[in-house]
Amino acid sequence: MIFETHAHYDDEAFDVDRDKILKLCYEEKVYPVINAAVNGKTCEATLKLTREYPFVYGVLGFHPSDAADYNDEERDLLRQRCLSSDKILGIGEIGLDYHYDEPDREIQKEVFISQLKLARELSLPVVIHSRDAAKDTMDIIKEYGADLSGVIHCYSYHLKDALEYVKMGYYIGVGGVLTFKNAHKLREVVEGIPIERILLETDSPYLAPVPYRGKRNCSLYLTFVADALAEMKGISREEAERITFDNAVRLFGIKDIQI
Ligand code: NI
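Residues numbered from 1 in each chain as written. Predicted model: local features only at pLDDT ≥ 70, side-chain atom pairs only at ≥ 80, totals over all residues. Heavy atoms only, no water.

1. Thoughts on the overall build of the protein chain
Broken down by element type, the protein chain carries 9 helices and 8 strands. Against the 2.2 N^0.38 benchmark of 18 Å for 259 residues, the protein chain shows a C-alpha radius of gyration of 17 Å, consistent with a compact globule. By principal-axis analysis of the C-alpha atoms, the protein chain measures approximately 45 × 40 × 35 Å. Counting the 259 residues in the protein chain, one finds 56% classified as buried. Residue pairs in contact within the protein chain that sit at least 24 positions apart in sequence constitute 72% of those at least 6 positions apart. Total accessible area computed for the protein chain in this model is approximately 11700 Å², and 49% of it derives from carbon and sulfur atoms. Looking at charge distribution, the protein chain has the averaged site of its 32 positive side-chain charges lying 3 Å from that of its 45 negative ones. (Helix = DSSP H or I, 4+ residues; strand = E, 2+ residues; numbered from the N terminus. Rg over C-alpha atoms; globule rule 2.2 N^0.38 Å. Buried < 20%, exposed > 50% of the residue type's maximum accessible area, 1.4 Å probe, protein only. Contact = heavy atoms within 4.5 Å. Areas by Shrake-Rupley, 256 points an atom, 1.4 Å probe, with all protein chains shown as cover. Lys, Arg positive; Asp, Glu negative; His and termini not counted. Charge placed at Lys NZ, Arg CZ, Asp CG, Glu CD.)

2. A few points about the coordination of the nickel ion
The nickel ion binds to the protein through His6 (NE2), His8 (NE2), Glu93 (OE) and Asp203 (OD), with metal-donor distances spanning 2.1 to 2.2 Å. Its 4 donor atoms give the nickel ion angles of 85 to 172° at the centre, a pattern that matches the irregular case. Mapped onto the polypeptide sequence, the residues donating to the nickel ion form the spacing pattern H-x1-H-x84-E-x109-D. Here His8, found in the loop between strand E1 (2-7) and helix H1 (18-27), pairs with Asp203, found in the loop between strand E8 (198-200) and helix H8 (222-233); they are 195 residues apart in sequence, far enough to count as distant. (Donors = N, O, S within 2.8 Å, 3.2 Å for Na, K, Ca; no water. Tetrahedral: all angles 85-135°; square planar, octahedral: opposite > 155°, others 65-115°.)

3. Comments concerning the packing of aromatic side chains
Inspection of the entire model under this criterion finds 12 aromatic pairs. Their ring planes at 20° and their centres at 5.2 Å tell us that Tyr26 and Phe55 sit as a pair that is stacked. Of the two residues, Tyr26 is situated in helix H1 and Phe55 in the loop between helix H2 (40-52) and strand E3 (56-60); the sequence distance between them amounts to 29 residues. Centroid distance Tyr221 to Phe224: 6.4 Å. Interplanar angle 65°. Geometry classified as edge-to-face. For Tyr221, a relative accessible area of 18% translates into the label buried. A network of ring pairs unites the aromatic residues Tyr26, Tyr31, Tyr53 and Phe55 as a single cluster. Just above the ring of Tyr57 sits the side chain of Lys87; from NZ or CZ to the centre is 5.1 Å. (Phe/Tyr/Trp six-rings, centres within 6.5 Å; stacked < 30°, edge-to-face > 60°. Lys NZ or Arg CZ within 6 Å of the ring centre and 35° of its normal.)

4. Comments concerning the layout of surface pockets
Of the voids in this model, the largest pocket is the one considered here, and its volume is about 770 Å³. In this structure, the largest pocket is lined by 31 residues; those nearest its centre are His129, Arg131, Cys154, Asp203 and Leu207. Among the elements of the structure, strand E4 (88-97), strand E5 (126-131), strand E7 (171-174) and helix H7 (184-192) are those that each provide at least two residues to the lining of the largest pocket. Looking at which element gives the most residues to the lining of the largest pocket, the answer is E5, with 3 residues. (1 Å grid on protein atoms, 1.4 Å probe; cavity = no way out; pocket = protein on both sides within 12 Å on 5 of 7 lines; lining within 4 Å. Points joined across faces, edges and corners; volume = space filled by probe spheres on them.)

Worth remembering: the numbers are spatial, not functional.
Right, dumping it as structure tokens:
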């Protein structure tokens, strides 16, 4: 069984066959699936998916790209939404994204910190998105999130930072990029940290692994990532699946998977 820790099944890329894909995930034993929200609208869509599918869980939050829409009212709504269902397992995806100039970095930081505080208040783990913002992410997590648990999703930085996150108790999210020919940096990270700190994720519909690179991603393709991970760690795919599954259960605190 593979635990899909990060996907966006509310995305319009799945409008044509969402139900079919999710049912296939269940049949192929790729579950639970965690759907990650990025703003108010996708929080609602995530909650809806968790009601429709017993094996779909959610994390709710405002992505840095949507930080300009976050305010006190949205924070209160986010709190209510998190408390409204025991299938909401964390706050995410939240973080910093300096790839584009918008929203303003100061706004991104403020919104990130506010949601880290909310995670502490609710005793929930955090799912962190961070792109081109290694230093600020590390500084903020050290100051506001060192005592939280969480995952650095779709990890894209150096081994040195990964080791620091692992030391703080964080997990490292690994997906399709691991199968890319040019993924030297990520391979170094995976080789350098214990497999007990790695979570498998797709970020579907984005970042499909080889041989589907460039196409729409879905959780079924996690087998290719599990294969790559197993090969690097010198273990069987089944073992890689089992260990990363247990890691996700440990982080997200799912006690019984009743499906
Ligand atoms: Ni994502």
